[in-house]
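Chain by chain, the residues:
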Amino acid sequence: MLILIPLLLLLLTPPQHVLSATVTTTSAGHAIPFPLFEHLDIKQSIAETNLRPPVSTESIDTESTQQKPLTTNSSVKLNLLHRDKLDFSWHNDHRRRFESRMKRDVKRVASLIRRLSAAGAADYKVSGFGSDVISGMDQGSGEYFVRIGVGSPPRSQYMVIDSGSDIVWVQCQPCSQCYHQSDPVFDPADSASFSGVSCSSSVCGRVENSGCHAGRCKYEVSYGDGSFTKGTLAMETLTVGHTTVQNVAIGCGHMNRGMFVGAAGLLGLGGGSMSLVGQLGGQTGGAFSYCLVSRGTGSYGSLEFGRSVLPVGAAWVPLLQNSRAPTYYYVGLSGLGVGGTRVPVSEDVFRLSELGNGGVVMDTGTAVTRLPTAAYVAFRDTFMAETANLPRAPGVSIFDTCYDLNGFVTVRVPTVSFFLSGGPILTLPARNFLIPVDERGTFCFAFAPSPSDLSIIGNIQQEGIQISFDGSNGYVGFGPNVC
């Protein structure tokens, strides 16, 4: 049983950049000091918009490595890459990359809201082959990729990770309709471990949208923008890092449409039984951890599975259950902080209702954190009041609070904090909330209002922080490691 230890998770720039501190009292009644301000290195942030050359696939392929079978209590590690670092989505214009990312983000958020509204959740439960399942990968909105091996022998493929999906699928030959991907399309005929799933199989019954044709289990997933994947369900061997995982249920997509940006398919990491996390089950204890590498760095992030990867010293908070949408990872949020000020927002704004409305979802596929409008406005206004000395710039894309920092070397900004239920305070690095949107020095406050009462903690705010899920015990941990 994990014990919650209220603590401050300080994931900031080096200590010399912390200017002052104050003391706040958490909902658990603990007095915790945290810094009021920090410095953001403007020159470095702009320099990092000039990305390093794309990653070569050769350095992370699985086909020629020594493999070992997955055993109980073992751990598995994968390199995690942001799409901007991959050669098939490469272009060096930061403003163009930013605008593309925001367009994907708007579609992602719209699909999540449809899926997680009470009405949408009810619609989602409609059974039968062909009914819509709203996932997060609208028009290629996958942000982070891993490279895994599919089949025996393993064929390396890029896969989008999605914490809001409960299916693993790849494009398959024969392909009557396929979009372009960076690697050859997987051919089941070349795999000794590929085995189709019969309609009577219990595995077929666990797929949300399954059907039957010629005795074989069929699946179909439709996305909010009209993209889709259709095909047969199969059992296959995946090579994850240096570990082989046998008998994984995957969708073998023979008809696929959409702008999936070079990926062969999707690796679902949601809370359902058909996600990769769910299928690994007892072998990894329902535990996984990821660290989304910060923008502009040359290193990889990481995605790890297994109880041994759960870190000592993390700030653990309970996961909340939405019975209408068990796929998604909800956390409790009691408030927001800017500098030494607790934003005047009621905790009820972030509450998950009994009907499944509202709440706070952690999502790898959403870039920018969304907050209910009332909370966002109070949060933004508090930040603006604390940064009144900085020159303003017009809004850009979904951002309404921007600054012209051209010519600055560093700026002093107030810290931004999430007050998590149970006591921990997650204080973000400045680069996780004030981001460059072009190469000329325009920076924007990287939050946006939600068009509903749903809050989403996006991947920009998660960057550089180790985030761990202990599904068996129902907790999510923040830190203590960074990447």
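In this numbering scheme, every chain counts its residues from 1 along its sequence in written order. Under the rules for a predicted model, residues below a pLDDT of 70 receive no local features and side-chain atom pairs below 80 are neither given nor counted, while totals for whole chains, interfaces and linings still include all residues. The side-chain quantities take in all heavy atoms of the structure and omit both hydrogens and water.

Describing the state of the cysteines
- Two cysteine sulfurs form what is called a disulfide whenever their separation falls within 2.5 Å. Taken as a whole and assessed by the stated rule, the structure comprises six disulfides.
- Across the disulfide, Cys175 is cross-linked to Cys178 (sulfur-sulfur distance 1.3 Å). Taking the sign of the torsion about the S-S bond as the criterion, the disulfide between Cys175 and Cys178, at about 55°, is right-handed.
- Take Cys175: its relative accessible area is 25%, and that puts it in the partly exposed class.
- By relative accessible area, Cys178 is classed as partly exposed at 31%.
- Note on cysteine connectivity: Cys199 is disulfide-linked to Cys212, with sulfurs 1.9 Å apart. Between Cys199 and Cys212 the disulfide shows an S-S torsion of about 95°. By sign, it is right-handed. Taken together, the residues Cys199 in the loop between strand 10 (195–196) and helix 4 (202–205) and Cys212 in strand 11 (residues 210–213) connect sequence positions 13 residues apart.
- Among the residues examined, Cys199 registers a relative accessible area of 26% and is labelled partly exposed.
- Of note for the chain: the bonded cysteines, numbered N- to C-terminal, pair according to 1-8, 2-3, 4-6, 5-7, 9-12, 10-11. Classification of residues uses two cut-offs on accessible area relative to the type maximum, computed with a 1.4 Å probe and protein chains only: under 20% is buried, over 50% is exposed, and between them is partly exposed. Counting from the N terminus, the helices are the DSSP runs of H or I reaching at least four residues and the strands are the DSSP runs of E reaching at least two.

As for the side chain of Thr49
- With respect to the helices, strands and loops of the structure, Thr49 is situated in the loop between helix 1 (42–47) and strand 5 (68–69).
- Here Thr49 falls in the buried class, since its relative accessible area comes to 3%.
- In what follows, residue pairs with any heavy atoms lying within 4.5 Å of each other are defined as contacts. Every residue in contact with Thr49, bar those within four places of it in the chain, is listed here: His94, Arg97, Pro436, Asp438 and Glu439.

Observations regarding the packing of aromatic side chains
- Pairing of aromatic side chains here covers Phe, Tyr and the six-membered ring of Trp, requires ring centres within 6.5 Å, and sorts the geometry by plane angle: under 30 degrees stacked, over 60 edge-to-face, intermediate tilted. Using the criterion set out here, one finds 15 aromatic pairs in the structure.
- The interplanar angle of 55° and the centroid separation of 5.3 Å between the aromatic rings of Phe379 and Phe445 together place this pair among those described as tilted. Placement of Phe379 in helix 6 (residues 373–386) and of Phe445 in strand 30 (residues 442–445) is noted, with a sequence separation of 66 residues between them.
- Here the aromatic rings of Phe418 and Phe447 are separated by 6.3 Å at their centres, their planes lie at 85°, and the arrangement is edge-to-face. A residue pair is termed long-range when its members are at least 10 positions apart, and Phe418 in strand 27 (residues 416–420) and Phe447 in strand 31 (residues 447–450) qualify at 29 residues.
- For Phe418, a relative accessible area of 1% puts it in the buried group.
- Among the aromatic residues, those joined into a ring-pair cluster are Phe379, Phe383, Tyr403, Phe418, Phe433, Phe445 and Phe447.

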